[in-house]
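Below, each chain spelled out in residue letters.
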Amino acid sequence: PAARLVSRLGLQAVGYRCRDIIKPMEKFDPAQMIVAPWSLEQFPGGEGVSVFAGAERPESAINFDFYGMPERMPEYSAAAARLFLGGQSKYQVGVKVAASPKWLVALDPARELLIVRTAALSEGRYFNIADNDQPNGPYSAADLYSVFNGGSLGFFELETIGALRVLAGGTAQSALSSDTWIARGPVPALQRLTAECWGV
């Protein structure tokens, strides 16, 4: 229900909810196979985009163990960690479950877009969902969100992450519920909305 939030500011908006479910067709030993839903949304651009990762403990929320490093390190406030996208570096960071994450808010001034992603904490055990080799093993990270900066590739991603469920010693059905909400309009109105709704 996006309209009531934005109409008074002269913005357009769309929102949708997605539920991703993974159900193994056989019983697998979780020591041999781990699986969880992972919702990836990709957007053009990146230059000049700020992503705010809301959390109860923003200063310890960012997981840098995926790959690459931001050209500009995050800034922290009482409400969120702020990531600065763009540049030439390609990198991915996570937002730790342990920091009690709440949302991702991306402001793209060039396209006059505000993108908000939220995910319900899933039942089960979170693991390192990175798609490259993780030297410290699959349980070296536990993130509810991740952000990918494509750098020179010209796109970025906002991702929500589910958890591994194990029942009776085997990998079981797991589900991830994610909401995405996108507003479009003058940047000052988008900034006002982020301040009023998310405190950033």
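Just above, that's the structure.
What you see is a predicted model; the values in this text were computed from it and never measured.

(A) Here's a closer look at the sheet that holds strand 2 (residues 38–44). With antiparallel pairing, five strands are arranged side by side in an open sheet as 2-11-10-7-4. Both outer strands of the open sheet, strand 2 and strand 4 (62–67), are each paired with one neighbouring strand and no more. Pairs of neighbouring strands in the sheet enclose a mean axial angle of 20°, with direction left out of account. Bridge count between strand 4 and strand 7 (residues 91–96): three bridges; the pairing is antiparallel. Bridging from a neighbouring strand, I62 pairs with V95 of strand 7.

(B) Quick peek at the side chain of N149. Tracing the sequence through the fold places N149 in strand 10 (residues 143–149). Here N149 falls in the buried class, since its relative accessible area comes to 0%. Of note is the side chain of N149, whose polar atom sits 2.9 Å from the backbone nitrogen of G86. Beyond its immediate sequence surroundings of up to four residues, N149 is in contact with L85, G86, S89, K90, Y91 and F155.

(C) View of the pairing of strand 8 (residues 101–108). Across the eight residues that make up strand 8, a large majority, seven, are buried. Summarising the sheet, strand 8 and strand 9 (residues 113–119) pair through five bridges and their orientation is antiparallel. Looking at the pairing, V105 lines up with V116 of strand 9. Linking strand 8 to strand 9, which pair antiparallel, is a turn of four residues; within it E112 sits at a positive phi near 55°.

(D) Up close: the pairing of strand 6 (residues 80–84). Within strand 6, four of the five residues are buried, leaving the element largely enclosed by the surrounding structure. Summarising the sheet, strand 3 (residues 50–55) and strand 6 pair through five bridges and their orientation is antiparallel. The residue of strand 6 that forms the bridge with F52 is R82.

(E) Just the sheet that holds strand 9, in detail. As summarised here, the arrangement of the seven strands in space is 1-14-9-8-3-6-5, forming an open sheet in which the pairing is antiparallel. Of all the strands in the sheet, the pair left with one neighbour each is strand 1 (12–22) and strand 5 (75–76). Packed onto the sheet, helix 2 (residues 187–198) meets strand 8, strand 9 and strand 14 (174–184) and runs at close to 25° relative to strand 9.

(F) Spotlight on the pattern of salt bridges. The full count for this structure, using the stated rule, is eight salt bridges. Between R117 and E41 there is a salt bridge, and its shortest N-O distance comes to 3.4 Å. Residue R117 is found in strand 9, and its partner E41 is found in strand 2; the two are separated by 76 residues along the sequence. Judged by its relative accessible area of 0%, R117 falls in the buried class. Overall, the relative accessible area of 13% leaves E41 in the buried class. One salt bridge in this structure joins E75 and R72, with 3.0 Å as the shortest N-O distance. Taking the relative accessible area as the measure of exposure, R72 reaches 45% and is therefore partly exposed.

Criteria and cut-off values
- Residues numbered from 1 in each chain as written.
- Predicted model: local features only at pLDDT ≥ 70, side-chain atom pairs only at ≥ 80, totals over all residues.
- Heavy atoms only, no water.
- Pairing = 2+ DSSP bridges.
- Helix = DSSP H or I, 4+ residues; strand = E, 2+ residues; numbered from the N terminus.
- Axes fitted to C-alpha atoms, helices over the stretch in contact; angles between N-to-C directions.
- Buried < 20%, exposed > 50% of the residue type's maximum accessible area, 1.4 Å probe, protein only.
- Polar contact = N/O pair within 3.5 Å; in protein donor to acceptor, adjacent residues only side chain to side chain.
- Contact = heavy atoms within 4.5 Å.
- Salt bridge = Lys/Arg side-chain N within 4 Å of Asp/Glu carboxyl O.

Honestly, it's all geometry; don't read function into it.
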